[in-house]
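Architecture at a glance
These are the residues of each chain, in order.
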Amino acid sequence: MAEVSLQGEQRVFMTGNEVIAWGCVAAKADIMYGYPITPQNEIMHYWTRLAPKYGKKFLQTEDEISAGFTMLGGVLTGRKAFTGTAGPGNVLMQEAAGMAEMMRLPGVFFIQQRGGPSTATVIYAQQETQLTCFGGNGEGHRLVYSTATHQELFDYTIKAFNMAWTYRFPTFILADGYQAKMREPLTIYEPEARGVKLVPTPAVVGENKPGKKFKHLRNTYNTEDELYEVVMANQRDWEAMAAEVVEWSEKGCEDADIIMVTHGIVSRAAMGAYDQLRAEGKKVGFFRPITVRPFPEKELRAAVKNAKKILVAESAYGQFLKFVQTALYGSTIEIATMLRPGIGITTEELVEEYNKL
Amino acid sequence: MMQELKENNVLQPAMPASWNEDTKPHKFCPGCGHGIILKVLGEVIDELGIKDQMVFGCDIGCSLLSWDFFASDSVQTHHGRTAPVITGMKRAKPDIIGVVYMGDGGGYAIGSQHLFNAAVRNEKITIILCNNCNYGMTGGQMAPTTLPGMKTETSPYGRDVAETGNPTKGPEMVAAVAPEGAYVARGTIANVRQLKGFIKKALENQIAGNGLSFVECLSSCPTNWRTNAKQTWEFVEKDMTQYFKVGELRTPQAKEG
């Protein structure tokens, strides 16, 4: 593959899907496997336009099952491979994600959430939070970044590839239709020029070297004990990774009475509400997990320790709330909720909700 | 004495050099056809010298028991998903020899969309599909290839084609949709010499980069058929071939020059 990428830094005004395609170029991804589904399509549109210029490849598959598994094929041969999907496509792709977890195959999945469970709306939701974190028939041994801005989409695209191949767990960028389709300014850059090293992606199989020792990979086990050993080894590795990769952001939690707990694009609205309410002298706090899997449980507990209440707001009916409740198990803090499946949440609505509490 | 027999080609070598000796004897049931197909495949791999280039992908069902069969790189995937995994590899790294090994359930039921579309796209991989008229590993249920009237665990009174349709003719389907360059054949464990020719051509076709190569192998499952040796052989040789015609369905046109 040609080792060309974008040069230096550039201020741009792009849609989120375009940002992801450029992020993949910047991360020197080799190949995308994908199947059309709204609102993810333009990742493929931009990638297929960029691919020939940068010596990259693309395969349009027959469905998302195939997109997931062909991507794992690419990963096995040592290519930096990725895919993107949404909604029902995300459901189909979980089979491959499960195999990736158990066989310790990296690979990056871009999820642009849409309303569900349905074939429409294709616009926006946060209803794939549980699915993206725990969609397989396993233990959720994966890494999920929930982004909020276009700059993050670019930064975390590069990071997702690096983390996936460092820890060898499937890695997801969890965004949504709004992030996919809206346009905003950001800076795109060549990661190595900023001192961000790109993690190599060695081949697992298919290297034709003289005297090589063959490798046999499988996702089948003969006994319960054999499976248990593998899952538990993965669990230990996942926990070790969790401690190193967990990310969150918080503001004003030290002296806050009420803390807004949100993720993804809803945290953009929460940040707006925070600024507005603080300007009015209100003691409000802001807490946002950036990794929703692993979840910053310890950090959330510490952040809310002096508060009276938290307000959990999400564009789903309690999916993120369950993560928060699990993290706060044993705490007696009051939890107010704003649960709006498939509906956007604005700064004004959060301010109004805060004022009711 | 042994050496003499070997040298004079009276006694064949015990196993192909491409086999992984550590996992032999293999794990298939007595009388199962998988061992014959994999022996033929092993001999072809030896003759073509592609052991180190090959990535062998196997599916779910009895075919998964071949995950450590060869002294080559291999990957065992999920049910029906072997064609996508090997396709993904071949697209990303075209210098491998990608072999998909699966059963009729994997190819014609749960993974039929993958087989169909790999054929339409003429993926430069080799697919070897074992047709034994039933789901073996799960205990002998009706498969897409179960013959009309044949009794299985989910068609205990015999397959009723009015309700379940006719048995799938995989090579015919692949031959109908694959572009020029594809190689498609149906062989049988009852004619090993012919089967070996088909499998060899199927791998040579991939090496030449012409397109998809697909070989269905008529095979046996005495465990689930509940047949003795004589009945098993009669079923493979006579009953199956009446419905599933053995022979080449597509060969690539000779290239000019």
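Residues numbered from 1 in each chain as written. Chains lettered and ligands numbered in written order. Predicted model: local features only at pLDDT ≥ 70, side-chain atom pairs only at ≥ 80, totals over all residues.

**Quick word on the overall build of chain B**
- On a plain count of helices and strands, chain B comes out with 10 helices and nine strands.
- The C-alpha atoms of chain B give a radius of gyration of 18 Å, which matches the 18 Å a tight globule of 257 residues would have.
- Here the C-alpha coordinates of chain B stretch approximately 50 × 50 × 30 Å along the principal axes.
- In chain B, buried positions account for 55% of the 257 residues. (Helix = DSSP H or I, 4+ residues; strand = E, 2+ residues; numbered from the N terminus. Rg over C-alpha atoms; globule rule 2.2 N^0.38 Å. Buried ≥ 20, exposed ≤ 12 C-beta atoms within 10 Å, placed from the backbone.)

**Let's talk about the sheet that holds strand β5 (residues 108–113) of chain A**
- Strand order in the open sheet made by the seven strands is β3-β2-β4-β5-β7-β6-β13 (chain A), with mixed pairing throughout. The two strands at the open ends of the sheet, each matched to only one other strand, are β3 (57–60) and β13 (291–293) of chain A. Pairwise comparison of adjacent strand axes, ignoring direction, gives a mean angle of 25 degrees for this sheet.
- Examined bridge by bridge, strand β2 (residues 31–34) of chain A and strand β4 (residues 81–85) of chain A share two bridges and lie parallel to one another. Across the sheet, residue Met32(A) finds its bridge partner in β4(A), namely Phe82(A).
- The strands touched by helix α3 (residues 82–92) of chain B are β2, β3 and β4 of chain A; relative to β2(A), the strand with the most contacts, the crossing angle is about 150 degrees. (Pairing = 2+ DSSP bridges. Axes fitted to C-alpha atoms, helices over the stretch in contact; angles between N-to-C directions. Contact = placed C-beta atoms within 7 Å.)

**Examining the environment of Ala100(A)**
All names here are of chain A.
- Among the secondary structure elements, Ala100 is positioned in helix α4 (residues 87–103).
- Judged by local crowding, Ala100 falls into the buried class, with 27 C-beta atoms found within 10 Å.
- Once you skip the residues sitting within four places of it in the chain, Ala100 turns out to touch Leu72, Leu105, Gly107 and Pro170.

**Considerations on the sheet that holds strand β14 (residues 309–314) of chain A**
Residue and element names in this part refer to chain A.
- Across the sheet, which stays open at both edges, the five strands sit in the order β10-β12-β11-β14-β15 with mixed pairing between neighbours. A strand with exactly one partner marks an edge of an open sheet, and here the two such strands are β10 (248–251) and β15 (334–339). Strand-to-strand twist in this sheet, taken as the mean axis angle between neighbours without regard to direction, amounts to 20 degrees.
- Pairing analysis gives six bridges linking β14 to β15, with the strands arranged parallel. The residue bridging Glu314 from the neighbouring strand is Leu339, located in β15.
- Strands in contact with helix α9 (residues 266–279) are β10, β11 (258–261), β12 (284–289) and β14; relative to β12, the strand with the most contacts, it is inclined by about 160 degrees.
- Packed onto the sheet, helix α11 (residues 319–327) meets β11, β14 and β15 and runs at close to 150 degrees relative to β14.

**As for the domain arrangement of chain A**
All names here are of chain A.
- Under the domain assignment used here, chain A contains domain 1 (9–194) and domain 2 (249–356).
- In this structure, domain 1 and domain 2 have C-alpha centres spaced 26 Å apart.
- Elements that contribute at least two residues to the side of domain 1 that touches domain 2 include exactly α5 (129–134), β6 (143–146), β7 (171–176) and α7 (177–181).
- Sort the elements by how many residues they give to the side of domain 1 that touches domain 2 and β6 lands first, with four residues.
- Each residue belonging to the side of domain 1 that touches domain 2 can be placed in one class, and the counts come to nine nonpolar, 11 polar and two charged. (Domains from an automatic or database assignment. Nonpolar A, V, L, I, M, F, W, Y, C, P; charged D, E, K, R; others polar.)

**Regarding the pairing of β4(A)**
All names here are of chain A.
- Along β4, five of the five residues are buried, which leaves the element largely enclosed by surrounding structure.
- Where burial is concerned, the two faces of β4 agree: the one with Ala81, Thr83 and Thr85 and the one with Phe82 and Gly84 are both buried.
- Note that β4 and β5 share four bridges and pair parallel. By the bridge assignment for β5, Gly84 is matched with Phe110.
- Since β4 and β5 lie parallel, the crossover through α4 that links them has a hand, and here it is right-handed. (Right-handed = clockwise from strand over helix to strand, strands pointing away.)

**Examining the interface of chain B and chain A**
- Contact with chain B, which involves 29 residues of that partner, is made by 33 residues of chain A.
- Those elements that place two or more of their residues in the side of chain B that touches chain A are β2 (73–76), α3 and α5 (112–120) of chain B.
- Residue composition of the side of chain B that touches chain A, grouped by class: 11 nonpolar, 11 polar and seven charged.
- Where strand β9 (residues 216–217) of chain A lies against β2(B), two bridges are found, and the strand directions are parallel. The residue bridging Leu217(A) from the neighbouring strand is Val75(B), located in β2(B).

**Re helix α8 (residues 224–245) of chain A**
- Counted at 1.5 Å a residue, the expected span for α8(A) with its 22 residues is 32 Å, and the 31 Å between its end C-alpha atoms agrees.
- Of all the 22 residues making up α8(A), zero are buried; the element is thus mostly uncovered. (Expected span 1.5 Å × (residues − 1).)

**Notes on the pairing of β11(A)**
Residue and element names in this part refer to chain A.
- Burial along β11 is two-sided: Ile258 and Met260 and Ile259 and Val261, pointing in opposite directions, are all buried.
- Two elements, β11 and β14, share four bridges in a ladder whose sense is parallel. Within the sheet, the bridge partner assigned to Ile259 lies in β14 and is Ile310.
- As judged from the four bridges shared by β11 and β12, these two strands associate in the parallel manner. The residue bridging Ile258 from the neighbouring strand is Val284, located in β12.
- As a crossover connection, the stretch from β11 through α9 into β12 is right-handed.

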